Amino acid sequence: MLRLQKRIKQEYQEKDAEEKQIVIYGQNGHAEVLGLVGQTTGKAIVIEKLEEAKELDFSKSIRLYSQTTKSLDEFWEIVDYIKDHISPSATFEYYDTICRQVANRMPNLRTFAASHDLIFFVSGKKSSNGKMLFSECLKVNPNSHLIDNAEEIDDSLFHGISSIGVCGATSTPKWLMEQIYTEIKARLDKKII
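Residues numbered from 1 in each chain as written. Predicted model: local features only at pLDDT ≥ 70, side-chain atom pairs only at ≥ 80, totals over all residues. Heavy atoms only, no water.

### Focus on the packing of aromatic side chains
Logical step 1: By the definition in use, this model includes nine aromatic pairs.
Logical step 2: A centroid spacing of 6.4 Å and a plane angle of 35° characterise the contact between Y25 and F75, whose relative ring orientation is tilted. In this pair, Y25 is assigned in strand β1 (residues 20–25) and F75 in helix α4 (residues 72–85), connecting sequence segments 50 residues apart. For the pair Y25 and F75, one class covers both residues: buried.
Logical step 3: In this structure an aromatic cluster arises from ring pairing among Y25, F75, W76, F92 and Y94. (Phe/Tyr/Trp six-rings, centres within 6.5 Å; stacked < 30°, edge-to-face > 60°. Helix = DSSP H or I, 4+ residues; strand = E, 2+ residues; numbered from the N terminus. Buried < 20%, exposed > 50% of the residue type's maximum accessible area, 1.4 Å probe, protein only.)

Below is the structure:
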């Protein structure tokens, strides 16, 4: 993250800084994004989705950076859109700074979520990578539920379910995932007996 801040600061301090837009694909107000915007004395443009990218000034050069926990697929959609719309007199450079630990999990996570009737996604409610990975689960399995402790397990969700999956964010501790699994198993055992 410090390397990314340094890169953005250097870009902003170049002599042609006024002629280009420094764009950060990220969550407005997120600590990491605030740190990146701070390198440009608040002049960087923050976009959260493709729709916002469509509002950029395509007659000016664009430098695109990303919050490390954003969706890789959406990032490439934004890159493609800008490439297709930027003026021939402007330049476009983009820097894929998305964390591979998060991005590389997505295909496996989608497969896992799709293969179960019910998903409990274990993560802190404020975790950026947790929110992003949970949204991927929801896309393939609308019966996915974000929880951060065993008390949030809703027994009524078990009705008519034949398989339950437990997964979590990159930052979710293994012991917490195991605790959730153990609690689900104990509740299911009580219902059977």
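### Let's talk about the sheet that holds strand β5 (residues 118–122)
Logical step 1: Read from one edge of the open sheet, three strands run β6-β5-β7, paired in parallel fashion. Only two strands of the sheet have a single partner each, and these edge strands are β6 (144–147) and β7 (164–168). On average, adjacent strands in this sheet sit at an angle of 25° to one another, irrespective of strand direction.
Logical step 2: Sheet topology places β5 next to β6; four bridges connect them, and they run parallel. By the bridge assignment for β6, F120 is matched with H145. (Pairing = 2+ DSSP bridges. Axes fitted to C-alpha atoms, helices over the stretch in contact; angles between N-to-C directions.)

### Remarks on α4
Logical step 1: Here α4 is 14 residues long and its end C-alpha atoms lie 20 Å apart, about the 20 Å a rise of 1.5 Å per residue gives.
Logical step 2: Taken as a whole, α4 has its buried residues at L72, F75, I78, V79, Y81 and I82. (Expected span 1.5 Å × (residues − 1).)

### As for the sheet that holds strand β3 (residues 61–66)
Logical step 1: The four strands lie next to each other as β2-β1-β3-β4, forming an open sheet whose pairing is parallel. Two strands lie at the open edges of the sheet, namely β2 (45–47) and β4 (92–94), each paired on one side alone. In this sheet, neighbouring strand axes are inclined to one another by 20° on average, regardless of whether the strands run parallel or antiparallel.
Logical step 2: Most of the contacts of helix α2 (residues 31–38) go to β1, to which it runs at about 165°, and overall it touches β1, β2 and β3.
Logical step 3: Across the sheet, α4 lies against β1, β2, β3 and β4, angled at about 170° from β4, the strand it touches most. (Contact = heavy atoms within 4.5 Å.)

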